[in-house]
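Residue-level listing of the chains:
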Amino acid sequence: MNFLHSRVQVGPGQAVLVELDHAANVKVMDDPNFDRYRRGTQHQYFGGHATQSPVAIRPPRPGQWHVIVDLGGYPGQVRAGISVQ
């Protein structure tokens, strides 16, 4: 599985901002769901397929979050900038 990964600290009222060079899946998830994602099993996340950039995703609570950018198994590469706003 090929994906970009970043771990971020999100505070109250903050959002994860992801800038993409083209369409991709952007997923924000907690530790248990990131483990499931890496195993290729069913997982839950915030976000989805993004066709416009930047993408802002506000997690439901403050804390540590995993940010994943992937192409859903399709070939190719994507570049992404990830920050917390």
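Because the structure is a prediction, the values reported are computed rather than measured.

A. The arrangement of the pairing of strand E6 (residues 63-70) in detail. Burial analysis of E6 places seven of its eight residues in the buried class, the great majority of the element. Across five bridges, strand E3 (residues 24-29) lies against E6 in antiparallel orientation. Bridge pairing links Val-28 to Val-67 in E6.

B. Inspection of the packing of aromatic side chains at higher detail. Within this structure, the stated rule accounts for four aromatic pairs. Taking the centre distance of 6.3 Å and the plane angle of 80° together, the rings of Phe-3 and Phe-34 count as edge-to-face. Of this pair, Phe-3 sits in strand E1 (residues 3-10) while Phe-34 is found in helix H1 (residues 31-39), placing the two residues 31 residues apart along the sequence. Classification of Phe-3 by relative accessible area gives partly exposed; the value is 24%. By relative accessible area, which is 6% here, Phe-34 ends up buried.

Parameters at a glance
Residues numbered from 1 in each chain as written. Predicted model: local features only at pLDDT ≥ 70, side-chain atom pairs only at ≥ 80, totals over all residues. Heavy atoms only, no water. Buried < 20%, exposed > 50% of the residue type's maximum accessible area, 1.4 Å probe, protein only. Helix = DSSP H or I, 4+ residues; strand = E, 2+ residues; numbered from the N terminus. Pairing = 2+ DSSP bridges. Phe/Tyr/Trp six-rings, centres within 6.5 Å; stacked < 30°, edge-to-face > 60°.

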